[in-house]
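Given next are the chains, with one letter for each unit.
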Amino acid sequence: MLTLSHILEALTGIPVAGGQQVITDVVIDSRLAIPGALFVALPGEHTDGNLYVGAAFAKGAVAALVEKETPDFYTLDLRVPVTFDMAADFKIPVCLRVADTLAALQTAAKFWRERLNPRVIGVTGSVGKTTTKEIIAAVLGTRFRTLKSEGNLNNEIGLPLSLLHLSEAHEQAVLEMGFYEIGEIALLCSLAKPHVGVVNNVYPVHLQKAGSIENIVQGKGELVEALPPAPEGVAILNYDEPLVMSMAARTRASVFTYGLDPQADLWASEVLGLGLDGIRFQLHYARARETLHVRFPMLGRHSVHTALRAVAVGLVEGLTWQEIIEGLQGMEAHSQLRLYAVTGPGRSLILDDSYNASPESMIAALNLLQEMEARRRVAVLGDMLELGEYEDQGHRLVGKRAADVADLLITIGARAELIAVEALEVGLPASRIIKLADRESAQQYLRGHLLEGDVVLVKGSQGMRLDRLVNALEITSR
């Protein structure tokens, strides 16, 4: 178990005899502190974590990493040389003063990861990281004690927090790795030291911050560059994505491919969408010349790639087919996935995919909508943010697909108007297109126009908060 003495040793390099207080959690929000927690007082744009040290201690935290003087609390200043006696003799709760709390958090996480010996699987990609992480963890969990990063804790703060939840009991860790700029995933890998790297896809998501698709390829490829040489290291790459496959030349690890192409090591065929019952497909494993018939409870034919990633990890880690299929079909794997079906006004069915959006994930969601049996297929699509120079093209691509699928297209926001414009240009009648400015207008319109048998897809970037639209519509249906 992680103890306060481990934190002190990580930050000072001095093994400490005292400080055997177990750290029950590591938090950056004082409101989440529990008895025994370590509070990390990070500076922020709008506030300073140093202001909430007292609140964290009041909730039972036993220590806090701070950058500023905290005269109200016992403080051990780690910015100056610390002797064995000083580090061993302190009072709880204690403030550990450092020059940089984020750097200290990362240092502690790296120390703790190196002290333990789990097999680490890193997951990156433009779309589907969190879902992939959840399913991989479910598959590995059929045999191994597995840690997974919670939610989408995938950056320079979230990943260290996940690492500090490791214990000696964990045999596997599945960690999501996000990307905004070159060097970010390399930093995360220096902390996590992954053995297996899974790359989903490369799309122009967050292009406004990344700068170019070439930068995204470079940044996400840092995961496979960080893997150890074969046979210990394995890069699991999407054979259907040329930009992903270009990363094969950048790794010392062995390469395992998956996709819909029979040239991949693991591939799927006969993919059939079953609506809300998930998908069915044939699974082929070239190395063993095996074929299985699989039913997977995730929605939409595009989710076959998610299943393939999890199967690939299971095979690489030595699981049996029985264990892999059990993990794929287990309900626990799907408890945190992001597409939900709820009842809406008029006993309509709302597919809530409002968590986030990119052109590729929008089109995949529209493909799912097309699979659904419905009186009318209604697409409620909001702005896609952070697309940079790809903004016009990305929205227009979605408009083309929406024109093929939707009986009624409703757009929300100024950017999403491009979806409506393109849908009109390629043939969707103007009478079946509604352009609205905000969630409130959409809520009012949908309340009055949805009927039993309608299936409604709601999707947009997280900044649009279309989840609030879904919540409002679901409440009105009760």
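Now for a description of the structure that goes with this document.

This paragraph deals with the nonpolar core. L4, V26, L96, L159, L163, L164 and M177 are the most contacted members of the largest nonpolar core, which has 60 residues in total. At six residues, the largest contribution of residues to this core is made by helix α4 (residues 101-115). One finds I136, A137, L140 and L266 within the second-largest nonpolar core, a separate group that totals 38 residues.

With respect to topology, nine strands assemble into an open sheet ordered β7-β8-β6-β9-β10-β11-β12-β13-β14, the strand pairing being mixed. Where the open sheet ends on each side, the last strands, each with one partner, are β7 (146-148) and β14 (290-296). Each strand axis lies, on average, 20° off the axis of its neighbour in the sheet, ignoring direction. Bridging between strand β6 (residues 119-124) and strand β8 (residues 172-176) involves five bridges; their strand directions are parallel. Across the sheet, residue V120 finds its bridge partner in β8, namely A173.

Our next topic: the pattern of salt bridges. Oppositely charged side chains are able to pair whenever their charged atoms sit close together. Across all of its chains, the model carries 22 salt bridges by this definition. The closest approach of N and O atoms between D392 and R396, which form a salt bridge, is 3.1 Å. Residue D392 and its partner R396 are located together in helix α15 (residues 391-405), separated by four residues, close to a single helical turn. Classification of R396 by relative accessible area gives partly exposed; the value is 22%. Here the salt bridges share partners, and the residues they tie into one network are D392, R396, K400, E422 and E425.

It is worth spelling out the packing of helix α5 (residues 129-140) against helix α12 (residues 304-316) at this point. The interhelical angle for the contact between α5 and α12, taken along N-to-C directions, is 40°, at an axis separation of 9 Å. Taken together, α5 and α12 sit at an angle that is classed as oblique. α5 and α12 meet at a crossing whose hand is right-handed. Note on element contacts: α12 touches α5 through T306, R309, A310, V313 and G314, opposite T131, T132, I135, I136, V139 and L140. By residue class, the composition of the contact of α5 with α12 is six nonpolar, four polar and one charged.

Below, the discussion takes up the side chain of E317. Looking at the secondary structure, you find E317 in the loop between α12 and α13 (321-329). Not counting residues up to four positions away in its chain, the partners in contact with E317 are R119, L140, F144, Q172 and V196.

Right, let's get into the packing of aromatic side chains. Taken as a whole and judged by the stated rule, the model has three aromatic pairs. Taken together, the ring pairs connect F256, Y285 and W321 into an aromatic cluster.

Quick notes on the rules
Residues numbered from 1 in each chain as written. Predicted model: local features only at pLDDT ≥ 70, side-chain atom pairs only at ≥ 80, totals over all residues. Heavy atoms only, no water. Core = buried A, V, L, I, M, F, W, Y, C linked by side-chain atoms within 4.5 Å. Buried < 20%, exposed > 50% of the residue type's maximum accessible area, 1.4 Å probe, protein only. Helix = DSSP H or I, 4+ residues; strand = E, 2+ residues; numbered from the N terminus. Pairing = 2+ DSSP bridges. Axes fitted to C-alpha atoms, helices over the stretch in contact; angles between N-to-C directions. Salt bridge = Lys/Arg side-chain N within 4 Å of Asp/Glu carboxyl O. Parallel < 35°, antiparallel > 145°, perpendicular 65-115°, else oblique. Left-handed = near helix turned anticlockwise from the far one by under 90°. Contact = heavy atoms within 4.5 Å. Nonpolar A, V, L, I, M, F, W, Y, C, P; charged D, E, K, R; others polar. Phe/Tyr/Trp six-rings, centres within 6.5 Å; stacked < 30°, edge-to-face > 60°.

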